[in-house]
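Results of the structural survey
Below, each chain spelled out in residue letters.
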Amino acid sequence: MNETQTVRLGVLGCGTVGTSFCQLIQERADEIARRTGLSLEIGKVAVRDMSKTREGVDPSLLSDDAEALVNDPSIDIVVETMGGVDHTKDLVLAAFAAGKPVVTANKELLALHMPELFAAANDAGIDLDLEASVAAGLPFIRALRQSLVGENISRVMGILNGTTNYMLTKMTEEGADYAEVLAEAQRLGFAEADPTADVGGFDAGSKAAIIATLAFGEAVRAGDVHIEGIEGVTSADISNAQRLGYVIKLLGIVEKNADGSIAARVHPSMVPSDHPLASVRDSFNAVFVEGSGIDQVMFYGRGAGGHPTAAMMVGDAVNAAINLRSGYHSKLGDLPPANIRSIDDIKSAFYLSVDALDQPGVLAEIASVFGERGVSIGSMEQENADDGSARLVFITHVAVERNLRDVLDDLEGLDTVKNVGQVMRVVAD
Ligand code: NAP
Ligand code: HSE
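Here's a quick rundown of the structure.

Calculation rules
Residues numbered from 1 in each chain as written. Chains lettered and ligands numbered in written order. Predicted model: local features only at pLDDT ≥ 70, side-chain atom pairs only at ≥ 80, totals over all residues. Heavy atoms only, no water. Helix = DSSP H or I, 4+ residues; strand = E, 2+ residues; numbered from the N terminus. Contact = heavy atoms within 4.5 Å. Polar contact = N/O pair within 3.5 Å; in protein donor to acceptor, adjacent residues only side chain to side chain. Axes fitted to C-alpha atoms, helices over the stretch in contact; angles between N-to-C directions. Parallel < 35°, antiparallel > 145°, perpendicular 65-115°, else oblique. Left-handed = near helix turned anticlockwise from the far one by under 90°. Nonpolar A, V, L, I, M, F, W, Y, C, P; charged D, E, K, R; others polar. Phe/Tyr/Trp six-rings, centres within 6.5 Å; stacked < 30°, edge-to-face > 60°. Buried < 20%, exposed > 50% of the residue type's maximum accessible area, 1.4 Å probe, protein only.

Note that Asn 161 resides in the loop between β7 (153–159) and α6 (162–174). Beyond its immediate sequence surroundings of up to four residues, Asn 161 is in contact with Asp 198, Asp 203, Ala 204, Lys 207 and Asn 285. Only 3.2 Å separates the side chain of Asn 161 from the backbone nitrogen of Thr 163, close enough to count as a polar contact.

Now for the packing of helix α3 (residues 86–97) against helix α4 (residues 107–124). To describe two helices that pack against each other, one gives the angle between their axes and the distance between the axes. At their nearest, the axes of α3 and α4 sit 10 Å apart, and the two run at 15° to each other. The pairing of α3 with α4 is recorded here as roughly parallel in orientation. For the crossing formed where α3 meets α4, the hand is right-handed. Where α3 abuts α4, its residues Thr 88, Lys 89, Val 92, Leu 93 and Phe 96 lie against Leu 109, His 113, Leu 117, Ala 120, Ala 121 and Ala 124. A breakdown of the residues in the contact of α3 with α4 according to their chemical character gives 8 nonpolar, 2 polar and 1 charged.

Another point: the packing of aromatic side chains. Summed over all chains, the structure comprises 4 aromatic pairs. Both rings, one in Phe 140 and one in Phe 299, keep their centres 5.1 Å apart while their planes meet at 65°; by these two values the pair is edge-to-face. With a gap of 159 residues between them, Phe 140 in the loop between β6 (128–129) and α5 (141–147) and Phe 299 in strand β12 (residues 295–302) connect regions that are remote in the sequence. Taken individually, Phe 140 and Phe 299 each receive the classification buried, so the pair is uniform in this respect. The interplanar angle of 5° and the centroid separation of 5.0 Å between the aromatic rings of Phe 284 and Tyr 300 together place this pair among those described as stacked. Of this pair, Phe 284 sits in strand β11 (residues 284–291) while Tyr 300 is found in strand β12, placing the two residues 16 residues apart along the sequence.

In structure tokens, the structure reads:
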């Protein structure tokens, strides 16, 4: 009979994700041992504040010395759930230097330093597992790295942030207030330590960089991603979108162009209400992959929260443990820098709302600006306000971003235009 081998896990951080991870390992240890022959044990847990109570975590495992945990010879695998970048990167590199695989959910770290971290893991001949770093609770990264490796992927488009999807869902369906619903997302454990990372689109931007890197095999970093958040989305935009047959979603989109360049962006988008991404509600995420052979495949699941994230990290820890004990490691490819296409050169249809004087000739003047800049209007609606102004809501045909920006500049310069409101890209049917 084969003996069960013990693998000891050192967990960095014991907050929303780390606590759930420790609880889940304890709950599932027997079943994991039965299925894999490996007994996963929590060996140590590093935290900042030793006085806090951590539900379901044995206090005798706690330490406030993260370096000592990483270098402790009794720890086999490091599970990083503390967030942060510089110090955390040093700890991850120290783990590799000590021959320990690392499991992480830290998209911020990965989006800044993935090529160096991949190279260090390769040099050490050990695993770096990052399933929970993108779309927390859905098993997408391993599918991208393994099942889809033979696929020529052209585009990946997804709802990559649970907090903002939760907020937009509540604002759309219940007319919820922005600040209140953000506080609720924080209370539920969806938001980052600094929630401006969520609402400002930076969290989704980091995830888009990771996806682009893995989908196309070239290094795309956080700074390569064009990012716009949801702060400017108003209740008027939400109701305009609904009336026009769309739902507003914060999308991350990465594309490989025919010239080999890569475009990566995150921004609020108008999604047709019959598109599969339109029905992704609350903190759920979905990732829509398009490729030459598969055509389209969609992954769907809980995109934030302690338990969904921990579930993926437990899977990663089991994978790392199996490889560690068998002496195998999943090589992570070399990542040459990507040729990034500027947002100015990307094509899209656009929604924009313009508040203008309600007078003869104004509409014709505004329409001529679009025409002069080569942007074709697909549809236009007018709503009259009590103050004698008109709100004009346009949806354009597909146009080059640079030309649309010129339209906006020209409109801002017209005396008859009082305000140019939110501009949003529209996803094609
Ligand atoms: P969190 O609740 O703020 O927990 C962070 C934990 O790290 C805390 O226990 C904190 O200790 C500990 N910590 C921070 N700095 C430390 C240091 N220098 N030494 C030792 N411990 C330290 O954060 P979280 O929501 O669990 O997120 C953790 C990571 O998972 C982040 O990278 C995040 O982006 C990622 N992630 C989160 C989610 C989610 O839904 N929350 C989903 C996917 C990925 P104290 O408790 O003592 O302060
Ligand atoms: N704050 C992130 C979100 C956690 O809301 O999606 C998951 O990465």
